[in-house]
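# Secondary and tertiary structure notes
So you can see what is in the structure, the chains are spelled out below.
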Amino acid sequence: MSGVDFVTLVGPTASGKSGLALELASYLPCEIVSVDSALVYRGMDIGTAKPTWAERQQCRHHLIDILDPAESYSTAEFVRDAEQAIHDIRARGRVPLLVGGTMMYLRSLLFGLAQLPSADPEVRQQICAMASEKGWGYVHACLRQVDPVSAARIHPNDPQRLQRALEVYQVSGKPLSEWQKGTQTPRWKAAQIGLVPEHRQALMPRIEGRFDVMLAQGFETEVRALKARSDLHLDLPSMRSVGYRQMWEYLDGKYTFTEMRTRAIIATGQLAKRQMTWLRKWPLDMRLDPLCTHKVADLAKWIERQI
């Protein structure tokens, strides 16, 4: 390939990225690289809307089912693995198609990892003590006061990232979001396509319908099997994935089934909101409305001209 290094297809959750990617694969010699922090985990298939085995046979996928849910996966590890996948795909004369909505992963791949201050065990302990006494929601509120940009991107139920963001500010006096700006010069040349609705609320019927399909497919059974493991708990990154936390807490008796369903749909909508916050400023070459019908053949021809 003499043009771009790879093609990206990004968008908020439930925007139809996976379906469009598979359609494009029927026109282009591409392999799909997942840019999704939940699809890396084995045994988490229904609640992540993971491509089926048949779909993965239709087009080769990378960075799916590479970890056990008890393990953590860092942005640095994603960059390493994605770069290796991109090099291997290009060496086969095929097109890497990066698909997903974990925008921090994609930003770090494109622009490099920020050189952050070293961890400070004393400050970290102070933040943990604050969380134990007042809850992670309070920590999130503290972060919002000093770094509203990072607070908008980090969910209140994500203690690992909350802790690190507040730690960086307290150690350096500089918000994490400022550290992460880094260079604005991309390390790769990419053709970037976004499935972005004009308003997030337009996705809510899709989000609700998709969750109901997950329930019908056996999502409760999937989470019961994960919950039965002695090494999994709600503080793990895998179990903080939207839907999984709410189903886990329902199985603990914290909510009724109806409350669980409502909370999971709301949490998914909040995820979509955070993703769209990223995408408003994202340098897309083509922006498509996921609620409209697209001529995939024409889109494939546009990609061919870029590569």
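Residues numbered from 1 in each chain as written. Predicted model: local features only at pLDDT ≥ 70, side-chain atom pairs only at ≥ 80, totals over all residues. Heavy atoms only, no water.

## Considering the sheet that holds strand E1 (residues 6–10)
Note the threshold: A pair of strands is labelled paired if DSSP reports no fewer than 2 bridges between them. Comment: elements are numbered from the N terminus, with helices defined as DSSP H or I runs of at least four residues and strands as E runs of at least two. Any two residues whose heavy atoms approach within 4.5 Å at even a single point are treated as in contact. In this description, a line fitted to the C-alpha atoms serves as the axis of each element, helices being fitted only across the stretch in contact, and the angle between N-to-C directions of two axes falls anywhere from 0 to 180 degrees.
Read across the open sheet, the six strands follow the order E3-E2-E4-E1-E5-E6; overall the sheet is parallel. Only two strands of the sheet have a single neighbouring strand rather than two, namely strand E3 (61–62) and strand E6 (286–288). Note that E1 and strand E5 (residues 190–195) share five bridges and pair parallel. Bridging across to E5, Thr8 finds its partner in Gln192. Packing of helix H14 (residues 296–306) onto the sheet brings it into contact with E1, E5 and E6, and relative to E5 it is tilted by some 155 degrees.

## Overview of unusual backbone geometry
Selection rule: Accessibility here uses a 1.4 Å probe with only protein chains present; expressed as a share of the type maximum, an area under 20% marks a residue as buried, one over 50% as exposed, and anything in between as partly exposed.
Here the phi dihedral of Ala14 falls at roughly 70 degrees; this positive angle occurs in a residue that is not glycine. Tracing the backbone shows Ala14 in the loop between E1 and helix H1 (17–25). The class of Ala14 is buried, set by a relative accessible area of 11%. You will see that Ala49, though not glycine, has its phi angle at about 55 degrees, which is positive. When you line up the elements, Ala49 lands in the loop between strand E2 (30–35) and helix H2 (53–58). For Ala49, a relative accessible area of 32% translates into the label partly exposed.

## Topic: the packing of helix H11 (residues 219–227) against helix H12 (residues 244–251)
Selection criterion: By definition in this entry, angles of less than 35 degrees are roughly parallel, angles greater than 145 are roughly antiparallel, angles of 65 to 115 are roughly perpendicular, and the rest are oblique.
At a minimum axis separation of 10 Å, H11 and H12 run at an interaxial angle of 75 degrees. Viewed along their axes, H11 and H12 adopt a mutual orientation that is roughly perpendicular. Each of Phe219, Glu220, Glu222, Val223, Arg224, Leu226 and Lys227 in H11 lies in contact with H12, whose residues at this interface are Tyr244, Met247, Trp248, Tyr250 and Leu251.

## Quick notes on the packing of aromatic side chains
Which entries qualify depends on this criterion: Note on aromatic contacts: the rings of Phe and Tyr and the six-membered ring of Trp form a pair at centre separations within 6.5 Å, being stacked when their planes are under 30 degrees apart, edge-to-face when over 60 apart, and tilted otherwise. Distance and angle both matter: a charge sits over a ring if NZ of Lys or CZ of Arg is within 6 Å of the ring centre and within 35 degrees of the ring normal.
Enumeration according to the criterion identifies seven aromatic pairs in this entry. Ring geometry for Phe6 versus Trp188: centroids 5.6 Å apart, planes at 55 degrees, classification tilted. Taken together, the positions of Phe6 in strand E1 and Trp188 in the loop between helix H9 (176–179) and E5 put the pair 182 residues apart, joining distant regions of the chain. In this structure, Phe6 and Trp188 share a single accessibility class: buried. Seen in terms of ring centroids, Trp278 and Trp282 are 6.2 Å apart; in terms of plane orientation they differ by 65 degrees. Their pairing is edge-to-face. Among the aromatic residues, those joined into a ring-pair cluster are Tyr73, Phe78 and Tyr105. Here the basic side chain of Arg153 rests over the ring of Trp278, its NZ or CZ set 3.9 Å away from the ring centre.

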